[in-house]
Amino acid sequence: EPEVTQTPSHQVTQMGQEVILRCVPISNHLYFYWYRQILGQKVEFLVSFYNNEISEKSEIFDDQFSVERPDGSNFTLKIRSTKLEDSAMYFCASRHREVDTEAFFGQGTRLTVV
Amino acid sequence: KNEVEQSPQNLTAQEGEFITINCSYSVGISALHWLQQHPGGGIVSLFMLSSGKKKHGRLIATINIQEKHSSLHITASHPRDSAVYICAVNPNQGAQKLVFGQGTRLTINP
């Protein structure tokens, strides 16, 4: 069964460092998303991406964040200068079409900023 | 106010019991999703529905669009059903994203 894969599964970084979280969505999917879940809290939307551009972003997704689909298969989330409050589980998801289709999630990357 | 509210927040039951988890939402939606999150953190899609009822094995999901309410039922519950069950919606405004409820932590004791 096709799946969304994320790497790494766990990353520890020092405050102020840049991190790149990687995702490989399902190959025929067109819509890509990043979500995050701070420990003990609900999952929150960060950004959606379609046709090589951001289609929607939340207030959380400020100038410190960026997304890219550099080579047609990978979908990355970059945090330029990490803060302690960026510590969370980050989930990548993909969908075949915009609506009325199931979302497939990766296993998540646990980011710990120290 | 949260757009998606789930109840209960925590639920403990004995193996074999019939389980119901409820979800209410306050916005117009194009679809509602039930998801399962295991202790390791991974999220798995269980159902996506926009009307009526869907069944998969021991799991049943229903939605009432007029009342803005959905339920997830588990029949003959088993300890392996222990997980966090999350309701999420695609709002009509910004239909691409999912808006999540806070989840219901289900524990099934043998």
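Note: the structure precedes this text.
Residues numbered from 1 in each chain as written. Chains lettered and ligands numbered in written order. Predicted model: local features only at pLDDT ≥ 70, side-chain atom pairs only at ≥ 80, totals over all residues. Heavy atoms only, no water.

K.L.:
Sorry if this is basic, but what is going on with the sheet that holds strand 8 (residues 75-79) of chain A here?
P.N.:
Paired through their backbone hydrogen bonds, the strands of a sheet run either parallel or antiparallel. All names here are of chain A. Pairing within the open sheet is antiparallel, and its 4 strands lie in the order 1-3-8-7. Whereas interior strands pair on both sides, the edge strands pair on one side only; in this sheet they are strand 1 (5-7) and strand 7 (65-68). Strand-to-strand twist in this sheet, taken as the mean axis angle between neighbours without regard to direction, amounts to 20 degrees. In this structure, strand 7 lies alongside strand 8, joined through 4 bridges in antiparallel fashion. What sits directly across from S66, in strand 8, is K78. (Pairing = 2+ DSSP bridges. Helix = DSSP H or I, 4+ residues; strand = E, 2+ residues; numbered from the N terminus. Axes fitted to C-alpha atoms, helices over the stretch in contact; angles between N-to-C directions.)

K.L.:
Hey, could you run me through the interface of chain A and chain B in this one?
P.N.:
Much of the literature gives interface size as the accessible area that the parts lose upon coming together. Across the boundary between the two partners, chain A contributes 22 residues, which contact 20 residues of chain B. Both faces considered, chain A and chain B share a buried interface measuring about 1,800 Å² in area, 54% of it formed by carbon and sulfur atoms. Along the contact surface separating chain A from chain B lie 1 salt bridge. Connecting chain A to chain B are 5 residue pairs in polar contact (both at pLDDT 80 or more). Among the elements of the structure, strand 4 (31-37), strand 5 (44-50), strand 6 (53-57) and strand 9 (88-95) of chain A are those that each provide at least two residues to the side of chain A that touches chain B. The element that contributes the greatest number of residues to the side of chain A that touches chain B is strand 4 of chain A, accounting for 4 residues. Of the residues in the side of chain A that touches chain B, the class split is 10 nonpolar, 6 polar and 6 charged. (Contact = heavy atoms within 4.5 Å. Buried area = accessible area lost by both parts, 1.4 Å probe. Salt bridge = Lys/Arg side-chain N within 4 Å of Asp/Glu carboxyl O. Polar contact = N/O pair within 3.5 Å; in protein donor to acceptor, adjacent residues only side chain to side chain. Nonpolar A, V, L, I, M, F, W, Y, C, P; charged D, E, K, R; others polar.)

K.L.:
Explain the packing of aromatic side chains to me, please; I cannot follow it from the model alone.
P.N.:
Note on aromatic pairs: each is described by the distance of the centres and the angle between the planes. If you walk through the whole model with that rule in mind, you get 10 aromatic pairs over all chains. For the ring pair A:Y31 and A:Y50, a centre distance of 4.3 Å and an interplane angle of 5 degrees mean the geometry is stacked. You can see A:Y31 sitting in strand 4 and its partner A:Y50 sitting in strand 5, a full 19 residues away along the chain. Here the aromatic rings of A:F49 and A:F75 are separated by 5.3 Å at their centres, their planes lie at 40 degrees, and the arrangement is tilted. Linking A:F49 in strand 5 with A:F75 in strand 8, this pair joins segments that are 26 residues apart in sequence. On the accessibility criterion, A:F49 (5% relative accessible area) is buried. Note on A:F75: relative accessible area 0%, which makes it buried. Put simply, the rings of A:Y33, A:Y35, A:F45, A:F105 and B:F100 pair up and form one aromatic cluster. (Phe/Tyr/Trp six-rings, centres within 6.5 Å; stacked < 30°, edge-to-face > 60°. Buried < 20%, exposed > 50% of the residue type's maximum accessible area, 1.4 Å probe, protein only.)

K.L.:
When you look at the sheet that holds strand 6 (residues 52-56) of chain B in this model, what are you seeing that I'm missing?
P.N.:
Residues and elements named next belong to chain B. Across the sheet, 5 strands lie side by side as 1-3-8-7-6; this open sheet has antiparallel pairing. Looking along the sheet, the strands with just one partner apiece sit at the ends: strand 1 (4-7) and strand 6. Direction aside, neighbouring strands of the sheet carry axes that sit 15 degrees apart on average.

K.L.:
Mind showing me how you'd approach the pattern of salt bridges here?
P.N.:
Any two side chains of opposite charge can pair, given that their charged atoms come close. Counted under the stated rule, the structure contains 3 salt bridges over all chains. In this structure, the salt-bridge partner of B:K97 is A:E56, at a minimum N-O distance of 3.4 Å. Here the residue B:K97 occupies a position in the loop between strand 9 (83-91) and strand 10 (99-100), and A:E56 occupies one in strand 6, the pair thus bridging two chains. Residue B:D81 pairs with B:R58 through a salt bridge whose shortest N-O separation is 2.8 Å. Of the two residues, B:D81 is situated in the loop between strand 8 (69-74) and strand 9 and B:R58 in the loop between strand 6 and strand 7 (59-64); the sequence distance between them amounts to 23 residues.

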